[in-house]
Amino acid sequence: MNPVIALVGRPNVGKSTLFNRLTRSRDALVANYSGLTRDRQYGEGRLGERDYIVIDTGGISGNEEGIDAAMAQQSLQAIEEADAVLFLVDARVGLTAADEMIGQHLRTRNKPTFLIVNKIDGIDDDVAKSEFYQLGIAETVGIAAAHGRNVRGMINQVMELFPRPETETSLFESEEALLTDGLDIPTGEGSIELAEQSTSAKSQLESEHGTKVAIVGRPNVGKSTLVNRLLGEERVVVYDHAGTTRDSVYIPFERNEQRYTLIDTAGVRRRGRVAESIEKFSVVKTLQAIRDANVVILVLDARTGLVEQDLHLLGFVIETGRALVIAVNKWDGLEQRVKQDIKDELEYRLGFANFARIHFISALHGSGVGNLYESVNEAYKAATTRWSSNRLTRLLEDAVAEHQPPLVNGHRIKLRYAHLGGLNPPLVVIHGNQTAAVPQTYQRYLENTFRRELKIVGSPIQIEFRTGE
Ligand code: GDP
Ligand code: GDP
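Residues numbered from 1 in each chain as written. Chains lettered and ligands numbered in written order. Predicted model: local features only at pLDDT ≥ 70, side-chain atom pairs only at ≥ 80, totals over all residues.

K.L.:
Would you mind going over the overall build of the protein chain in detail, with residue names and values included?
P.N.:
Helix and strand content of the protein chain: 15 helices and 19 strands. For the protein chain, with 469 residues in total, the buried portion stands at 39%. Long-range pairs, those at least 24 residues apart, make up 73% of the contacts in the protein chain between residues at least 6 apart in sequence. (Helix = DSSP H or I, 4+ residues; strand = E, 2+ residues; numbered from the N terminus. Buried ≥ 20, exposed ≤ 12 C-beta atoms within 10 Å, placed from the backbone. Contact = placed C-beta atoms within 7 Å.)

So this is what it looks like as structure tokens:
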């Protein structure tokens, strides 16, 4: 699980500036999106080796009466959701009453907290920090968010709290050895079959959890009802992944001799009664579940139609490259005309997710629910099949023969061979000359060709070009 870092502090201390820097770090912008809720922004970032989630909260001005009002609800929630809190103060303004209120509240929480003294550009770091010692927060770091000064050092210090667990390797990383055919292209039909249906590869893919399926969606779309439906009378042993209210419930089960683990963000079968100190719906929980899943079932509500929050969630699923099945729920009792309107709207607005199957279901009555498994299986297979270099290279050659890449400065772009560079989502790495000049349209043409020929449904495909060799 990626650590979650919350930025809190009164307005104007530099939270948004730091948020932008942390989510658009020079190393990599893994994903960035905002506006899932009105008050909090969520972004993902990476500095160094580790990915993290950052929550930017609105300001806490200190003009409100009492700590509860002052620590606006959304800031409180962000703190609850976070693994670490960065409490920002302004070196130029110095200690304020609002800072003290926030500090007081943070001392009552048992969260690792760092006091971040921002805007130290052009002033003495130690002098700037000394004024804030009375807040009683041991870890104090001076930064200049606007200039990037010490931001990397600061985040490294924070991330030291979260050593990367041994087990946290991706589906692909753990199997890299199986893909050593990357560069020497095998010849002959036999090797294609071997590479694609290698039983050792298959057994490795089926980890102890089977296919991990996350059920996600905004509040009230019917996630809990669907989870109960999917499990039916199944006697399941539920375990909380890490045991906090922020974490999803993981439910392993078998169906038709196939293993799955449902990642239940709605917390339907949470064991015992855990005090829900945070809202039932949590963005962080949802993001973590999507990241951890092989296949996401995104639940939409036919009664409300598509809303912005649905699109944000969908955008995140796509950015993470997860396999996807869309379930339009509450399809019961709708007039034919309304159904058609909804279908039209989805077709119009979900074009960017057109690789995913759409199911119209009623979790309440059970209609259409069973069919979801077929699409989940199909999507999982599409996302995790190990295409051989041989097969991919031939497809590339055919595609190029059919439709040549354009000329660049009088020279034709040459695409020579392809290999699989990753799974879930499948990453097709294409080697050639002048690949940086391959136009978007041609890339899309290749992507569509691979998708069609490999019959990839339910998963995005990524294409990466490499020049040389
Ligand atoms: P927020 O309200 O806490 O999100 O604060 P913002 O990120 O919007 O920043 C408030 C103001 O402080 C803006 O004018 C920023 O340009 C400025 N600011 C942010 N970081 C720094 C910094 O490191 N040094 C200086 N001098 N100004 C900064
Ligand atoms: P969650 O917040 O996403 O977990 O949503 P719930 O499963 O708690 O469902 C929210 C409300 O929608 C409840 O009142 C459900 O009974 C209702 N609901 C769920 N699925 C359906 C459905 O397929 N049809 C109809 N008509 N109502 C449903």
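Further notes follow.
K.L.:
Describe the site of ligand 1, with residues and values.
P.N.:
Near ligand 1 lie 16 residues; those nearest to it are G14, K15, S16, T17 and A146. The class makeup of the residues in the shell around ligand 1 is five nonpolar, eight polar and three charged. (Near = placed C-beta within 6 Å. Nonpolar A, V, L, I, M, F, W, Y, C, P; charged D, E, K, R; others polar.)

K.L.:
A description of unusual backbone geometry should follow, citing residues and the corresponding values.
P.N.:
A cis amide bond links N424 with the next residue in sequence, P425, at an omega value of 10°. As for its position among the elements, P425 is in the loop between β17 (414-422) and β18 (427-433). One non-glycine residue, N12, lies in the positive phi region at around 75°. Within the element layout of this structure, N12 appears in the loop between β1 (4-8) and α1 (15-23). Backbone geometry at N220 places phi at a positive 75°, although glycine is not the residue there. With respect to the secondary-structure elements, N220 resides in the loop between β8 (211-216) and α9 (223-231). The class of N220 is partly exposed, set by 13 C-beta atoms lying within 10 Å.

K.L.:
Any details on the nonpolar core? Residues and values, ideally.
P.N.:
Counting residues in each nonpolar core, the largest one holds 94 residues, and the members touching the most others are I215, L298 and A327. With 14 residues, the next largest nonpolar core counts V400, I413, L415 and A418 among its residues. (Core = buried A, V, L, I, M, F, W, Y, C linked by C-beta atoms within 7 Å.)

K.L.:
Now, about the site of ligand 2: what can you tell me, with residues and values included?
P.N.:
Around ligand 2, the surrounding shell holds 15 residues, and the nearest of these are G222, K223, S224, T225 and L364. It is α9 that provides the largest number of residues to the shell around ligand 2, a total of three residues. Of the residues contributing to the shell around ligand 2, the split by class is five nonpolar, seven polar and three charged.

K.L.:
For the packing of helix α10 (residues 283-292) against helix α11 (residues 308-320), give the residues involved together with the corresponding values.
P.N.:
For the pair α10 and α11, the least separation of the axes is 10 Å and the interaxial angle reads 35°. Pair α10 / α11 crosses with right-handed handedness. Facing α10, whose interface residues are T286, L287, I290 and R291, α11 presents L313, F316, V317 and T320. Of the residues contributing to the contact of α10 with α11, the split by class is five nonpolar, two polar and one charged. (Axes fitted to C-alpha atoms, helices over the stretch in contact; angles between N-to-C directions. Left-handed = near helix turned anticlockwise from the far one by under 90°.)

K.L.:
Any chance you could break down the pairing of β18 for me, citing the residues and the numbers?
P.N.:
Judged from the seven bridges that link them, β17 and β18 form a sheet pairing that is antiparallel. Note that in β18 the partner of H419 across the bridge is V429. In this fold, β18 hands off to helix α15 (residues 440-453), which returns the chain to strand β19 (residues 462-467); that crossover is right-handed. (Pairing = 2+ DSSP bridges. Right-handed = clockwise from strand over helix to strand, strands pointing away.)

K.L.:
So what's going on with the environment of V325? Which residues, and what values?
P.N.:
Its place among the elements puts V325 in strand β13 (residues 323-329). Overall, V325 belongs to the buried group, with 26 C-beta atoms counted inside 10 Å. Separated by 29 residues in sequence, V325 and V296 have C-alpha atoms that sit 6.2 Å apart. Sequence-distant contacts of V325, defined by excluding residues within four places in its chain, comprise V295, I297, A356, R357, H359, L372, S375, V376, A379 and G458.

K.L.:
Break down α1 for me, citing the residues and quoting the values.
P.N.:
A large share of α1 lies buried, amounting to seven of its nine residues. Buried within α1 we find K15, T17, L18, F19, R21, L22 and T23.

K.L.:
Can you break down the sheet that holds β19 residue by residue, with the values?
P.N.:
Within the open sheet, the three strands sit side by side as β17-β18-β19. Their pairing is mixed. Of all strands in the sheet, those with a lone pairing partner are β17 and β19, marking the two edges. Here the average twist between neighbouring strands, direction ignored, is 25°. Against the sheet, helix α14 (residues 389-402) touches β17 and β18, its axis set at about 145° to β17.

K.L.:
Tell me what's going on with helix α13 (residues 371-384), and back it up with residues and numbers.
P.N.:
Compared with an ideal rise of 1.5 Å per residue, which puts 14 residues at 20 Å, α13 spans 21 Å between its outermost C-alpha atoms and is within 8% of the ideal. When we look at burial in α13, the residues that qualify are L372, S375, V376, A379, Y380, A382, A383 and T384. (Expected span 1.5 Å × (residues − 1).)

That's the geometry; what it means functionally is another story.
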